[in-house]
Amino acid sequence: MADQQPYYYMRPGHVLAAAMGFSVVSIIAVALRFWARKIQRQPPKADDWLMIPATLLTIGLAVSQVYGVSQKALGYRTVRPPGFEGSLYELATPQLAIESQIEWAFWLIFPLALACIKASFLFFYKRVFAVQKSNLLNRLLTTFIVLVAMWAIAFFFAGLFQCGENFSLIWGSQMELLARCYSTRKLILTLCITDFITDVFIMLIPVPLVLRLQLPTSKKVAVCTMFLLGGGTVVASLVRFVLMGGSFIGSINITDDKILGVTACMYWGVVECGLGVLAACLPTIQFLFKKFVWEPAVNTTKSMFSSRSSDSIIPHKDVIHVNQSFGIEYAKANGSFSPTTSPMHAANDSNEQFIPTDGHATWYGHGHAV
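Residues numbered from 1 in each chain as written. Predicted model: local features only at pLDDT ≥ 70, side-chain atom pairs only at ≥ 80, totals over all residues. Heavy atoms only, no water.

Caption draft 1: Quick look at the overall build of the protein chain. Scanning the protein chain for helices and strands turns up eleven helices and five strands. Counting over 370 residues, the protein chain shows a buried share of 38%. For the protein chain, the proportion of contacts with a sequence separation of at least 24, taken over those separated by at least 6, is 72%. Counting every atom, the protein chain has about 20900 Å² of accessible surface; 65% of that belongs to carbon and sulfur. (Helix = DSSP H or I, 4+ residues; strand = E, 2+ residues; numbered from the N terminus. Buried < 20%, exposed > 50% of the residue type's maximum accessible area, 1.4 Å probe, protein only. Contact = heavy atoms within 4.5 Å. Areas by Shrake-Rupley, 256 points an atom, 1.4 Å probe, with all protein chains shown as cover.)

Caption draft 2: Inspection of the side chain of Thr 55 at higher detail. Here Thr 55 is to be found in helix 3 (residues 51-70). A polar contact of 2.7 Å, which involves the side chain of Thr 55, links it to the backbone oxygen of Met 51. When near neighbours in sequence (up to four residues on either side) are disregarded, Thr 55 contacts Ser 26, Ile 27, Val 30 and Val 277. (Polar contact = N/O pair within 3.5 Å; in protein donor to acceptor, adjacent residues only side chain to side chain.)

Caption draft 3: Representation of the state of the cysteines within the structure. Overall, the coordinates contain one disulfide when judged by the stated rule. A sulfur-sulfur distance of 1.8 Å marks the disulfide that ties Cys 163 to Cys 181. Taking the torsion about the S-S bond as the criterion, the Cys 163 to Cys 181 disulfide, at about 110°, is right-handed. In this pair, Cys 163 sits in the loop between helix 5 (136-160) and helix 6 (174-180) while Cys 181 sits in the loop between helix 6 and helix 7 (184-204), placing the two residues 18 residues apart along the sequence. Judged by its relative accessible area of 9%, Cys 163 is buried. With relative accessibility at 10%, the residue Cys 181 sits in the buried group. Here Cys 192 is not cross-linked by a disulfide; its sulfur's nearest cysteine counterpart is in Cys 265, at 6.4 Å. We classify Cys 192 as buried; its relative accessible area is 0%. (Disulfide = S-S within 2.5 Å.)

Caption draft 4: Fine view of the nonpolar core. Formed by 65 residues in total, the largest nonpolar core has its most connected members in Tyr 9, Met 51, Phe 110, Leu 122 and Tyr 125. The residues touching Leu 122, leaving out its near neighbours within four places in the chain, are Leu 141, Phe 144, Ile 145, Val 148, Ile 202 and Ile 205. Formed by eight residues, the second largest nonpolar core is a distinct cluster that contains Leu 160, Cys 163, Ile 170 and Cys 181. (Core = buried A, V, L, I, M, F, W, Y, C linked by side-chain atoms within 4.5 Å.)

Caption draft 5: Representation of the packing of aromatic side chains within the structure. This model, assessed by the stated rule, comprises 19 aromatic pairs. Taken together through their ring pairs, the aromatic side chains of Trp 104, Phe 156, Phe 157, Phe 161, Phe 167 and Trp 171 make up a single cluster. Positioned above the aromatic ring of Tyr 76 is the side chain of Lys 72, whose terminal nitrogen or guanidinium carbon lies 5.6 Å from the ring centre. Across from the ring centre of Trp 151, 5.6 Å away, lies the NZ or CZ of Lys 118, which sits over that ring. (Phe/Tyr/Trp six-rings, centres within 6.5 Å; stacked < 30°, edge-to-face > 60°. Lys NZ or Arg CZ within 6 Å of the ring centre and 35° of its normal.)

Caption draft 6: Focus on helix 9 (residues 217-228). In this model helix 9 runs 16 Å from its N-terminal to its C-terminal C-alpha over twelve residues, within 8% of the 16 Å that 1.5 Å per residue would give. Those residues of helix 9 not exposed but buried are Lys 220, Cys 224, Met 226 and Phe 227. End-on view of helix 9: buried residues confined to an arc of 155°, all on one side of the axis. (Expected span 1.5 Å × (residues − 1). Arc of directions from axis to C-beta.)

Caption draft 7: Spatial organisation of the environment of Val 271. On the secondary structure map, Val 271 appears in helix 11 (residues 258-312). For the pair Val 271 and Gly 232, spaced 39 residues apart in sequence, the C-alpha separation works out to 9.1 Å. Here Val 271 is in contact with Phe 22 and Ala 236, once residues within four sequence places are set aside.

Read these as layout, nothing more, since geometry by itself doesn't imply function.
Here it is as structure tokens:
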């Protein structure tokens, strides 16, 4: 296992790319969200404001990864001191100390970032579906928001005081940490399981609500698909859960190196938070896509086809020639001439004219010649 090439999510380049990429994506998504609210003339509410701490916390997770890679405390194998032949669990080096500090900070920030994202989804559902504050759906969503907040606070303080008030033990040797502190692996595994369950629940909440709306089937499918794009966070949560769970029970062992194992879990944590921020903003910023991308493209396409169609049509007039003699007499009435007799009572419009030509008459009226 020591000579095996690490998976891509354990390599420094991929870790840095994910950290910086999802930070930029999160910032852009939140900025577009507030811009959409401004264009729609809707005041930002709780679901919008929660995206600000969610983005800042996601950036904090990314910065911790970048710093860890720069110090070779993430994305690199554990360096054994010369002459050391013991177990890696007994080893305490500056590299492992930095890795432990970063890992500790990561698992403090991570549940708070997830809670902000989950709560933003739930507040958005309240804005869209629970219009009446007294209905059952509104009470259920409010209860779940409270549970998410309690969930985040519980894991934050559990991680903060996993060694009581003796914080120095957190970045000591792994053996000392396991002997004198609460099992970090059990704590993280519990976090992964509950995170995955809540993600699935939040993702599925809008589906039955959308299906009950009086909309065409195609629009129902489109709206459900937009909400289900948040499934990307569920996939990232599932991957991290499988890696942690498999490592815990021994069925999956992606690496025997502690630093690479921590790198993998942190990598998927940043991916989950970045995708979560993006998915939470999509229902709002899709308005911008429709207004500035989709509708102009459709209008341009329609105008192109309509201009081509009009060019292909040759304008013509319907001309009917009638060989018939008309006897026309004019009588002066009120100082003007007006027709008194006509074989056809058609010339009664001010735009109609009778022009005699060789004993025949041609009637010009409304653009047609008869």
